[in-house]
Amino acid sequence: MDDSEIQRRLETLRSEHRDLDAAIAALLATGSADQLQIARLKKRKLKLRDEISMFEDQLIPDIIA
């Protein structure tokens, strides 16, 4: 995977992460939030964060000091 593909993937993951954040906030705002659904969304959000970190690490070159 080259840098441009990684950048596109990062944009997609970040967008999905923001969407999940908005969905979680909307569920919490309704007051009758399904706790299991919220937990699943939060878990998915954490997985996305891990993927984002992994791809960001691939863009940063290893520098041996």
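Coordinates for the structure precede this section.
In what follows, the accompanying structure is described. (Residues numbered from 1 in each chain as written. Predicted model: local features only at pLDDT ≥ 70, side-chain atom pairs only at ≥ 80, totals over all residues. Heavy atoms only, no water.)

1. Looking at the overall build of the protein chain
Part 1: Looking only at helices and strands, the protein chain has two helices and zero strands in total.
Part 2: The C-alpha atoms of the protein chain give a radius of gyration of 15 Å, which is well past the 11 Å a tight globule of 65 residues would have.
Part 3: By its C-alpha atoms, the protein chain is 50 × 25 × 15 Å across when sized along the principal axes.
Part 4: Distance between charge centres in the protein chain, computed from 11 positive and 13 negative side chains, equals 8 Å. (Helix = DSSP H or I, 4+ residues; strand = E, 2+ residues; numbered from the N terminus. Rg over C-alpha atoms; globule rule 2.2 N^0.38 Å. Lys, Arg positive; Asp, Glu negative; His and termini not counted. Charge placed at Lys NZ, Arg CZ, Asp CG, Glu CD.)

2. Concerning the nonpolar core
Part 1: Listed in full, the 11 residues of the largest apolar core are Ile6, Leu10, Leu13, Leu20, Ile24, Ala33, Ile38, Leu41, Leu48, Ile52 and Phe55.
Part 2: Ile24 has contacts with Ile38, Leu41, Lys42 and Lys45, leaving out every residue within four places of it along the chain. (Core = buried A, V, L, I, M, F, W, Y, C linked by side-chain atoms within 4.5 Å. Buried < 20%, exposed > 50% of the residue type's maximum accessible area, 1.4 Å probe, protein only. Contact = heavy atoms within 4.5 Å.)

3. Quick look at the side chain of His17
Part 1: By secondary structure assignment, the location of His17 is in helix α1 (residues 3-30).
Part 2: Relative accessible area serves as the criterion here: at 17%, His17 is assigned to the buried category.
Part 3: Look past the residues within four positions of His17 in its chain and what remains in contact with it is Lys45, Leu48, Arg49 and Ile52.

4. With respect to the pattern of salt bridges
Part 1: Overall, the coordinates contain five salt bridges when judged by the stated rule.
Part 2: Arg9 is paired through a salt bridge with Glu51; the nearest N and O atoms lie 3.2 Å apart. Here the residue Arg9 occupies a position in helix α1, and Glu51 occupies one in helix α2 (residues 35-59), the gap between them amounting to 42 residues.
Part 3: We classify Arg9 as partly exposed; its relative accessible area is 33%.
Part 4: Look at Glu51 and you get partly exposed, because its relative accessible area is 24%.
Part 5: The salt bridge partner of Lys45 is Asp21, with a shortest N-O separation of 2.8 Å. You can see Lys45 sitting in helix α2 and its partner Asp21 sitting in helix α1, a full 24 residues away along the chain.
Part 6: If you follow the salt bridges from partner to partner, you end up with Arg14, Arg49 and Glu56 in one network. (Salt bridge = Lys/Arg side-chain N within 4 Å of Asp/Glu carboxyl O.)

5. As for the packing of α1 against α2
Part 1: Where α1 contacts α2, the axes come no closer than 9 Å and their chain directions differ by 160 degrees. For the element pair α1 / α2, the angle class is roughly antiparallel. Where α1 crosses over α2, the handedness of that crossing is left-handed. (Axes fitted to C-alpha atoms, helices over the stretch in contact; angles between N-to-C directions. Parallel < 35°, antiparallel > 145°, perpendicular 65-115°, else oblique. Left-handed = near helix turned anticlockwise from the far one by under 90°.)

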